[in-house]
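# Architecture at a glance
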Amino acid sequence: MRNDTRLSKFRFLLPLPERLPLRLVFSLPFLLQFLLAALLMGLLLFQGGQESVEAVLKELRQEVLERVQEQMNRHIREPLRLNSLNADAWQANMLNFADPVMRDRYFVNHIRAFPDAAMTFIGLTDGSFYGARRKTNGEIQVVHNNQSTGGASWYYRISEAGDAADLQEVFPNFDPRKRPWFETAQQVGKPVFSGVYRHFVFLEPTITATHPLYDAGGKLVGVFGVDYLLSWLGQVLRDLPLGTSGQVFVTDSEGLLVASSVLKNPFEERDGRMERIKAADSKNLVLQMAARAVPAIGQEGAYEFKLENQSYFVDVRTFQESGINWTIYVVLAADDFLGGLHKVANRTAGLTALSMMVIFLLAMWTAGWVTKPILRLNAAARELAEGRLQLLPDTQRRDELGQLSKSFNMMARQVTDLVTNLEARVAERTYELTIKTEQEERLRKTFYAELAKAGKVQRAMLPACIESDHLQLQILYEPCLLVSGDTCGYRWLKEEELLFGYLIDVNGHGAATALQTAAMSVMMQEVIDPSHSLAECLVKLNKRVADYFGDEVLVAAFCFELDFVKRELRYVAGGITEFFADSVAAKGRIKTPGLFLGVSTAEQFDVSSLPIQGGDRFCFYSDGITDCLDEGYELPIGVNLDEFNKQLHNVASEGVCKDDATAICIQVGDIRKWKYEYYFTDE
């Protein structure tokens with residue numbers, strides 16, 4: 001008692017938070033933080049508001065300039081890229097101007113891929129003119145202009161394949177060599193843009209991108225061109241966040257408007273003619289004032305002007321690309337962004353005082369609501385430390401304190417129970433854990449043994465290899481895990497005149513995959529019919545896979561036939577898209593596209609063929625080997641069969657780490673010694 005009295009005399013020496021009640025300790029920091037934040041906010045609002053908003057305006061103008069320039073860079077390069085693609089296609093002999101079908105389809109496909117291109121064309125030095133154009137209704141036409149048209153441009157409707165169909169329009173006496181775009185490209189000698197003009201069909205601002213074409217001797221062959229609509233630029237400008245009075249516009253080197261966020265059309269009618277608007281003479285006063293101030297600052301920079309007691313901030317930047325020399329203007333009105341600043345400042349002062357009172361009352365109430373269960377928890381913890389169990393009454397609360405009370409009560413009971421029953425529970429849990437571990441180990445061993453047995457059954461189902469003078473067939477089978485999703489096989493048909501072979505690859509490596517692979521083997525054996533072609537067999541197999549598996553399992557297959565009567569290898573792919581050949585007819589990896597089985601019941605499969613003769617070698621394999629070949633591994637050409645099989649096993653040993661590796665390797669012997677020798681007379 002004496003010590004407590006002595007400590008109470010020196011309580012004032014303790015730190016201030018330790019001398020205050022817990023409710024004030026919780027309340028005062030929040031109140032002081034709010035007061036400090038409100039004062040700082042008011043100070044920044046009154047003293048730095050104007051400067052901050054101006055900085056935001058400057059950053060916003062720069063961001064708008066960057067967005068406009070980014071869009072212009074992306075769009076303006078599209079016609080240049082289209083012309084470059086056309087020139088590369090001609091250089092690579094993929095575009096033949098003398099072949100009307102190839103030429104028309106080429107231009108039609110390219111104009112479909114570039115929606116802002118109104119026309120793509122080529123003008124040749126002999127006066128010929130070809131290309132494709134888009135009409136206002138979206139329809140595409142192709143144009144022919146050569147000696148057969150008498151120098152007139154004939155525009156045709158196109159078929160679905162892109163070929164010229166019906167003649168729709170004729171424009172006489174059109175010589176591309178006399179057009180400004182041809183002459184300009186010929187003079188400049190490199191890709192260049194024309195000036196902005198009003199397209200005669202779309203009635204929109206347009207530019208023409210040209211690309212001169214030279215042969216190996218440096219002689220001009222012709223000029224590629226693209227009529228490129230600029231309607232996208234006006235839409236980009238109108239979608240920018242500029243405030244109520246802000247605007248963006250673009251002018252060319254002569255000060256004529258190219259596009260504007262406030263004017264839908266940069267053209268106006270003068271004396272019965274549509275002419276472009278000069279920015280400095282525009283009827284929009286903001287646009288006019290912004291354009292007239294440019295000579296005072298040069299081509300790029302920032303400036304401010306006043307109009308009707310309102311300040312406007314302007315940033316100017318140039319854009320240059322292949323003959324284009326445009327200027328971008330961004331104009332923002334200060335009042336659009338500063339108008340609410342003063343209202344916010346006045347409201348802030350009044351609300352701050354009111355908020356201080358409300359927050360203090362709420363903080364006191366919240367602190368009491370929070371600290372009350374904490375104090376009870378503290379008392380209960382002291383009782384528990386002295387060996388007495390006192391449960392908390394706050395378990396009905398649904399907040400964190402209620403959860404804490406429940407946890408404390410549970411902990412208190414568990415601690416009390418643990419002290420009395422610790423040894424018994426430890427022994428019981430140890431025994432349960434031992435039993436569970438032994439059960440899991442038995443299950444693991446049983447599962448492993450079953451998988452190993454399934455893998456042996458899979459390997460036993462593979463057919464035997466063939467070793468004879470006229471044919472050698474060897475099978476490579478390496479599962480990634482204990483069981484495989486791959487299988488293969490063959491069957492002699494037509495009294496051993498025809499060898500039918502197949503590969504199957506089901507996605508996965510587990511027990512379910514092994515069952516699915518076995519089902520696929522049964523399906524394959526059922527669809528093999530000597531009276532049906534390979535394509536018919538694979539169509540029938542595809543339908544069964546779709547009905548049996550649906551779209552939950554990915555199945556790939558490859559079927560082939562070695563016809564020793566016709567001396568022909570026929571093959572068809574259903575997801576396994578390549579094989580290896582070392583024959584007179586083909587050498588290396590042979591690509592053969594084909595959709596996975598079961599993806600579509602309407603899928604048609606194409607059969608390909610190769611001639612065969614004695615000494616030819618063919619290797620058919622699954623994805624485990626294909627992936628290794630894609631990574632740089634190679635199969636040898638021109639070596640003996642043993643050396644080839646050795647290299648094939650090396651590749652498979654790498655691929656089996658990631659996927660199942662299965663292959664059928666066939667080498668044709670002297671087919672003249674085949675039992676049906678009379679089929680192969682050399683007469």
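As the structure is a prediction and not an experimental result, all values here were calculated from the model.

## Looking at the confidence of the model for the chain
Taken residue by residue, the chain gives an average pLDDT of 81. The fraction at 70 or more is 86%. Low pLDDT, under 50, characterises residues 1-14; the stretch is placed with three contacts to residues that sit more than four places away or in other chains. In this model residues 676-683 is a low-confidence stretch, pLDDT under 50, and it forms 12 contacts with partners more than four residues away in sequence or in other chains.

## Looking at the pairing of strand 26 (residues 617-621)
The side chains of a regular strand alternate, first on one face of the sheet and then on the other. Of all five residues making up strand 26, five are buried, and the element is well covered by its neighbours. Here strand 26 shows two buried faces, one formed by Arg 617, Cys 619 and Tyr 621 and the other by Phe 618 and Phe 620. With four bridges connecting them, strand 23 (residues 578-582) and strand 26 associate as antiparallel partners. Its bridge partner being in strand 26, Phe 579 is matched across the sheet by Phe 620.

## Comments concerning the nonpolar core
Met 72, Ile 76, Ile 207, Leu 233, Val 248 and Trp 326 are the most contacted members of the largest nonpolar core, which has 56 residues in total. Counting residues per element, this core draws most heavily on helix 3 (residues 22-91), at 12 residues. In terms of nonpolar packing, the next biggest core, distinct from the first, is built from 31 residues, Tyr 477, Cys 488, Leu 499 and Ala 573 among them.

## Some details on empty space enclosed by the protein
Here the structure, examined in full by the defined rule, presents three cavities of 30 Å³ or more. Space inside the largest cavity adds up to approximately 70 Å³. Along its surface, the largest cavity is lined by Gln 458, Met 461, Leu 462, Tyr 477, Asp 486, Thr 487, Ala 514, Thr 517, Ala 518 and Ser 521. Put simply, the parts of the chain that give the lining of the largest cavity at least two residues each are strand 19 (486-493) and helix 12 (511-527). For the lining of the largest cavity, the class distribution of residues is five nonpolar, four polar and one charged. Put simply, the second largest cavity is a space of about 40 Å³. Per-element tally for the lining of the second largest cavity: the top contributor is helix 14 (residues 623-630), with four residues.

## Topic: the layout of surface pockets
The computed volume of the largest pocket comes to approximately 600 Å³. If you trace the largest pocket, you find 25 residues lining it, with Phe 174, Arg 179, Trp 181, Phe 200 and Asp 227 closest to the centre. Among the elements of the structure, strand 1 (117-124), strand 2 (129-134), strand 4 (153-158), helix 5 (180-188), strand 6 (192-193) and strand 8 (205-214) are those that each provide at least two residues to the lining of the largest pocket. Tallied by class, the residues present in the lining of the largest pocket amount to 15 nonpolar, six polar and four charged.

## A look at the sheet that holds strand 14 (residues 301-307)
On the basis of which strands lie adjacent, the open sheet formed by five strands has the order 11-10-16-15-14 and antiparallel pairing. Because the sheet does not close on itself, it has two edges, and the strands there are strand 11 (257-260) and strand 14. Across the sheet, the axes of successive neighbouring strands diverge by a mean angle of 25°, strand direction being ignored. Summarising the sheet, strand 14 and strand 15 (residues 310-321) pair through seven bridges and their orientation is antiparallel. Note that in strand 15 the partner of Glu 304 across the bridge is Phe 313.

## Observations concerning the sheet that holds strand 24 (residues 587-591)
Strand order in the open sheet formed by six strands is 17-18-27-26-23-24, and the pairing between neighbours is antiparallel. Every interior strand has two partners, whereas the edge strands, strand 17 (466-467) and strand 24, have only one.

Rules and cut-offs
- Residues numbered from 1 in each chain as written.
- Predicted model: local features only at pLDDT ≥ 70, side-chain atom pairs only at ≥ 80, totals over all residues.
- Heavy atoms only, no water.
- pLDDT = per-residue confidence, 0-100.
- Contact = heavy atoms within 4.5 Å.
- Buried < 20%, exposed > 50% of the residue type's maximum accessible area, 1.4 Å probe, protein only.
- Helix = DSSP H or I, 4+ residues; strand = E, 2+ residues; numbered from the N terminus.
- Pairing = 2+ DSSP bridges.
- Core = buried A, V, L, I, M, F, W, Y, C linked by side-chain atoms within 4.5 Å.
- 1 Å grid on protein atoms, 1.4 Å probe; cavity = no way out; pocket = protein on both sides within 12 Å on 5 of 7 lines; lining within 4 Å.
- Points joined across faces, edges and corners; volume = space filled by probe spheres on them.
- Nonpolar A, V, L, I, M, F, W, Y, C, P; charged D, E, K, R; others polar.
- Axes fitted to C-alpha atoms, helices over the stretch in contact; angles between N-to-C directions.

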